[in-house]
Amino acid sequence: MNIGLIAHESKKKLMQNFCIAYRGILGRNTLYATGTTGRLIEEVTNMTVHKYLPGHLGGVQQLSADIESNIIDLVIFLSDPMSTNARDIAIANIQKQCDLHNIPMATNLATAEILVLALDRGDLDWREMYK
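In this report, we go over the structure that sits alongside the text. Because the structure is a prediction, the values reported are computed rather than measured.

1. Regarding the overall build of the protein
Consideration 1: Helix and strand content of the protein: seven helices and five strands.
Consideration 2: Across the protein, helices and strands are ordered from the amino to the carboxyl terminus as β-α-α-β-α-β-α-β-α-β-α-α.
Consideration 3: Considering only C-alpha atoms, the protein reaches an extent of 35 × 30 × 25 Å along its principal axes.
Consideration 4: Accessible surface, the protein: about 6,600 Å² in total, of which carbon and sulfur atoms supply 52%.
Consideration 5: Here the protein carries 12 positive and 14 negative side-chain charges, and the mean point of each set is 4 Å from the other.

Shown next, in the form of structure tokens:
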């Protein structure tokens, strides 16, 4: 499965810790992330991450395009609900694309854990048929 990873600035450390905790599961899949998030994940996990441009330089749009093209199977976006970010329109587009293409998306740690554990159990194997 192809997993898209993105995190607001204040959630990047949490994303690193999440990827360390679930390295065994995530490592059996292909990871995609915006530039800075991808680099930070690689530094702490030694996993290979396909890195887009940094989010503010178009990485969010690149991820959104891959979602629209049905390349991404699962998105984990650790968002900061208190953030007032100029890129929120691009982030909203990721949510919209996930909804349009039936791609599971987590926006907080609790949902991310549920989706990763479901992935490990094979509960998301239907994505292969959906493609």
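2. A few points about the packing of aromatic side chains
Consideration 1: One pass over the structure, following the stated rule, counts two aromatic pairs.
Consideration 2: Between Phe18 and Tyr22, the ring centres sit 5.0 Å apart and the planes meet at 45°, which makes this aromatic pair tilted. Take Phe18 and Tyr22: they sit in the same class, and that class is buried.

3. Topic: helix α3 (residues 35–45)
Consideration 1: Listed as buried for α3 are Gly35, Thr37, Gly38, Leu40, Ile41 and Thr45.
Consideration 2: Where α3 is buried, its residues contact β1 (2–7), α1 (12–21), α2 (23–26), β2 (30–33) and β3 (49–51).
Consideration 3: Where α3 ends, the next residue or the one after it, Asn46, has phi of about 60°, a positive value.

4. Let's talk about the nonpolar core
Across soluble globular proteins, nonpolar side chains have a tendency to be buried as a group.
Consideration 1: Ranked by size, the top nonpolar core spans 24 residues in total, and within it Leu5, Met15, Phe18, Cys19, Leu26 and Ile76 carry the most contacts.
Consideration 2: Mapped onto this core, the elements with two or more residues apiece are β1, α1, α2, β2, β4 (74–78) and α6 (109–121).
Consideration 3: In terms of residue count, the dominant contributor to this core is α6 (four residues).
Consideration 4: Ignoring anything within four residues of it in the chain, the contact list for Ile76 reads Gly4, Leu5, Ile6, Met15, Phe18, Ala106, Ala112 and Val116.
Consideration 5: If you look at the next biggest cluster of nonpolar residues, it comprises 14 residues, including Ile72, Ile91, Cys98 and Ile103.

5. Re the side chain of Thr37
Consideration 1: On the secondary structure map, Thr37 appears in helix α3.
Consideration 2: Polar contacts involving the side chain of Thr37 include one to the side chain of Lys12, which spans 2.8 Å.
Consideration 3: Not counting the four nearest positions on each side in its chain, Thr37 is found in contact with Leu5, Ile6, Ala7, Lys12 and Met15.

6. Points about the pattern of salt bridges
Consideration 1: Scanning the entire structure with this criterion turns up five salt bridges.
Consideration 2: Its salt-bridge partner being Glu42, residue Lys51 comes within 2.8 Å of it at the nearest N-O pair.
Consideration 3: Using a relative accessible area of 36% as the deciding quantity, one classes Lys51 as partly exposed.
Consideration 4: Across the pair Arg127 and Asp73 runs a salt bridge whose closest N-O atoms are separated by 3.2 Å.

Conventions adopted
- Residues numbered from 1 in each chain as written.
- Predicted model: local features only at pLDDT ≥ 70, side-chain atom pairs only at ≥ 80, totals over all residues.
- Heavy atoms only, no water.
- Helix = DSSP H or I, 4+ residues; strand = E, 2+ residues; numbered from the N terminus.
- Areas by Shrake-Rupley, 256 points an atom, 1.4 Å probe, with all protein chains shown as cover.
- Lys, Arg positive; Asp, Glu negative; His and termini not counted.
- Charge placed at Lys NZ, Arg CZ, Asp CG, Glu CD.
- Phe/Tyr/Trp six-rings, centres within 6.5 Å; stacked < 30°, edge-to-face > 60°.
- Buried < 20%, exposed > 50% of the residue type's maximum accessible area, 1.4 Å probe, protein only.
- Contact = heavy atoms within 4.5 Å.
- Core = buried A, V, L, I, M, F, W, Y, C linked by side-chain atoms within 4.5 Å.
- Polar contact = N/O pair within 3.5 Å; in protein donor to acceptor, adjacent residues only side chain to side chain.
- Salt bridge = Lys/Arg side-chain N within 4 Å of Asp/Glu carboxyl O.

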